[in-house]
Amino acid sequence: MKRVKGEELGQNLFEPAEKALRQNGDAACKYAVEQSKKIAENFKKEFERLNQELLKKTSELKSCMGSKEDKEKEIKAANKKLDWLEKIQAEVESILGI
């Protein structure tokens, strides 16, 4: 019967497990890096989509603001015409003695 040193026995028993652990650790790191890249790409795509949506909404709001300003100008002009017509009506009524 051959004697085996404890150190040699431990090395022979644990070496395959250590090798498997290293390989699994390397594979896990590689997988994590790949997944991180995928997540970053998905976030980038989503941020770009949201940015385009915000640009669209901003454009719509600016358009509404422009329309609102135009409508306010039209209302002021219409009110001036109404005042003018009311003054004319008052003058006509005073002339006719109504």
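Residues numbered from 1 in each chain as written. Predicted model: local features only at pLDDT ≥ 70, side-chain atom pairs only at ≥ 80, totals over all residues. Heavy atoms only, no water.

### With respect to the overall build of the protein
If you tally the helices and strands in the protein, you get one helix and zero strands. Against the 2.2 N^0.38 benchmark of 13 Å for 98 residues, the protein shows a C-alpha radius of gyration of 42 Å, more extended than a compact globule. With respect to the principal axes defined by its C-alpha atoms, the protein has extents near 140 × 15 × 10 Å. Looking at the protein as a whole, 1% of its 98 residues are labelled buried. Accessible surface computed for the protein: about 9700 Å², of which carbon and sulfur atoms make up 59%. Placing the 21 positive and 19 negative side-chain charges of the protein at their respective mean positions leaves the two points 8 Å apart. (Helix = DSSP H or I, 4+ residues; strand = E, 2+ residues; numbered from the N terminus. Rg over C-alpha atoms; globule rule 2.2 N^0.38 Å. Buried < 20%, exposed > 50% of the residue type's maximum accessible area, 1.4 Å probe, protein only. Areas by Shrake-Rupley, 256 points an atom, 1.4 Å probe, with all protein chains shown as cover. Lys, Arg positive; Asp, Glu negative; His and termini not counted. Charge placed at Lys NZ, Arg CZ, Asp CG, Glu CD.)

### Points about a nonpolar patch on the surface
On the surface, Trp 84, Leu 85, Ile 88, Val 92, Ile 95 and Leu 96 cluster together to form a nonpolar patch covering roughly 640 Å² of accessible area. Summarising the element assignment, Leu 85 is placed in helix α1 (residues 6-96). (Patch = residues over 30% accessible without salt bridge, like charges linked within 9 Å, V, L, I, M, F, W, Y side chains within 5 Å. Salt bridge = Lys/Arg side-chain N within 4 Å of Asp/Glu carboxyl O.)

### Topic: a negative patch on the surface
Together, Glu 69, Asp 70, Glu 72 and Glu 74 make up a negatively charged patch on the protein surface. Looking at the secondary structure, you find Glu 74 in helix α1.

### Brief notes about the environment of Ile 88
Examined against the element boundaries, Ile 88 turns out to sit in helix α1. Separated by 51 residues in the primary sequence, Ile 88 and Lys 37 have C-alpha atoms spaced 76 Å apart.

### Some details on the pattern of salt bridges
For side chains bearing opposite charge, pairing can occur when the charged atoms are close. This structure, assessed with the given rule, holds three salt bridges. For the salt bridge of Arg 49 with Glu 46, the shortest nitrogen-to-oxygen distance reads 2.6 Å. Separated by three residues within a single helix, Arg 49 and Glu 46 lie in helix α1, roughly one turn from each other. For the salt bridge of Glu 60 with Lys 57, the shortest nitrogen-to-oxygen distance reads 3.7 Å. With a gap of three residues between them, Glu 60 and Lys 57 both fall in helix α1, about one helical turn apart.

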